[in-house]
Amino acid sequence: MINVALLSRWHVHADDYARQIQNNDNLAIQLVWDENAERGKKWAKELEVPFVDDLQDVMANPSIDAVAVSTPTNLHKEVILTAAKSGKHIFTEKVLAFSVKECEEIYETVDQYGVELMVSLPRLTEGYYLYAQDVMDNGWIGKLTTIRCRLAHNGAVASPGKSEGWLPERFFDEEQCGGGSLIDLGAHPIYLTNRLAGKVKQLAARMHHTNNLGVDDNAVILLEYESGAMGIIETSFLSQGSPFQLELYGTEGTLLIEDKQIRINSNLSSRSEWSTPDTSLEDLQLPMEQWVSAILDRTTPTIGRSDVMNLTLINEIAAKSNIEGCWINVNNK
């Protein structure tokens, strides 16, 4: 049994992670800590576990094997480094940190102290992505020329009679979040396109403050990949009814994914017309499950360090491009 401390209910996915832990026979929630004591005490009461108000007491507790970090993003580095140095395995919400340099420091510490770190990038485990990766790996649409990915919702759109949307106000605090729609929701299109299209050569980003919330609420990145392909990443907190879309265009065909509906048209197939593939690809283990397997069985997760680092890299360069108003070269390592 892996005994887990929940560190903060700040992120909107914190409850999801708590449920995943509760539903895993190898995990047990033992206590809650939160930088907001009132919020933390309420959560601990709901979960029927103790609340500990001193983070150092959590880290010094020998019965705690691991932590699930859902703090504000600007606290990730401090909290994760402290956990690693205390020998605790770490599960955390994306993004890992605001800069590649900070990510490198975190990974160096994780390696030094021999703990498992998992960042939640769940769409890399979904069947539609696995099919798209198969399409790329097998060359079914020829040479990739353009990739487009959009993920958006209406979290910042006020419903009738209300002054704000369903996203909590803290999600518009730039100091805590490091940004808005792009760094949060746009993370998913970024890590998906990173996997499918490869290394980015240069990019240009526009991050609009449409509703003057304090962070971007509508954003687009244009990308040029080292392969010569072009990319478009779109995200927004201001989009009602917008489906998830992943589109791959190549010299021999096109793959269109809308939510989990897949269509492909390829000159390399037995019939050159639109079809819905009969795919039997099942979802991989969730990031939480992969984390547990890595701790207990020393398995290698499918979500790796390069996924996490490149996500932060693109976010970091996009923010710079938006400020400078120009294309920025991406220095891949």
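It should be noted that the structure appears before, not after, this text.
Let me begin by describing the structure that accompanies this report.

Definitions and cut-offs
- Residues numbered from 1 in each chain as written.
- Predicted model: local features only at pLDDT ≥ 70, side-chain atom pairs only at ≥ 80, totals over all residues.
- Heavy atoms only, no water.
- Axes fitted to C-alpha atoms, helices over the stretch in contact; angles between N-to-C directions.
- Helix = DSSP H or I, 4+ residues; strand = E, 2+ residues; numbered from the N terminus.
- Parallel < 35°, antiparallel > 145°, perpendicular 65-115°, else oblique.
- Left-handed = near helix turned anticlockwise from the far one by under 90°.
- Contact = heavy atoms within 4.5 Å.
- Nonpolar A, V, L, I, M, F, W, Y, C, P; charged D, E, K, R; others polar.
- 1 Å grid on protein atoms, 1.4 Å probe; cavity = no way out; pocket = protein on both sides within 12 Å on 5 of 7 lines; lining within 4 Å.
- Points joined across faces, edges and corners; volume = space filled by probe spheres on them.
- Phe/Tyr/Trp six-rings, centres within 6.5 Å; stacked < 30°, edge-to-face > 60°.
- Buried < 20%, exposed > 50% of the residue type's maximum accessible area, 1.4 Å probe, protein only.
- Lys NZ or Arg CZ within 6 Å of the ring centre and 35° of its normal.
- Expected span 1.5 Å × (residues − 1).

### Some thoughts on the packing of helix α5 (residues 100–113) against helix α11 (residues 305–324)
Their axes nearest at 9 Å, the elements α5 and α11 cross at an angle of 160°. In terms of orientation, α5 lies roughly antiparallel with respect to α11. Both α5 and α11 take part in a crossing whose hand is right-handed. When α5 is examined against α11, the residues V100, C103, E104, Y107 and D111 are found in contact with a partner set consisting of R305, V308, M309, T312, L313 and E316. The residue inventory of the contact of α5 with α11, partitioned by class, reads six nonpolar, one polar and four charged.

### Some details on empty space enclosed by the protein
The tally for this structure, following the rule as stated, stands at one cavity of 30 Å³ or more. A volume near 100 Å³ is recorded for the largest cavity. Along the walls of the largest cavity sit W10, H11, T73, K94, V95, F171, C177, G179, G180, I183, D184 and F237, which together make up its complete lining. Taken together, the residues that form the lining of the largest cavity break down as six nonpolar, four polar and two charged.

### Structural notes on the packing of aromatic side chains
With the rule as written, the count across this model stands at six aromatic pairs. Where F172 meets F237, the ring centres are 6.2 Å apart and the plane angle is 75°; that geometry is what we call edge-to-face. Taken as a pair, F172 in the loop between β6 (144–152) and α7 (174–177) and F237 in the loop between β9 (230–236) and β10 (245–250) lie far apart in primary sequence, 65 residues in all. F237 carries the same exposure label as F172, and that label is buried. Between R263 and the ring centre of W274, over which it is positioned, the NZ or CZ distance is 4.7 Å.

### Notes on the layout of surface pockets
The volume enclosed by the largest pocket comes to roughly 470 Å³. Lining the largest pocket are 27 residues, and of these H13, D16, P122, R123 and H188 sit closest to its centre. Of all the secondary structure elements, the ones that give two or more residues to the lining of the largest pocket are α1 (14–22), β4 (89–93), β6 and α10 (287–297). Considering every element that reaches the lining of the largest pocket, the biggest residue donor is α1, with three residues. Here the lining of the largest pocket is composed, by residue class, of 14 nonpolar, seven polar and six charged.

### A word on α5
With 14 residues, α5 extends 20 Å from end C-alpha to end C-alpha; this agrees with the ideal 20 Å at 1.5 Å per step. What α5 keeps buried is the set V100, C103, I106, Y107, T109 and V110. Buried residues along α5 sit against α4 (76–85), β5 (117–120) and α11.

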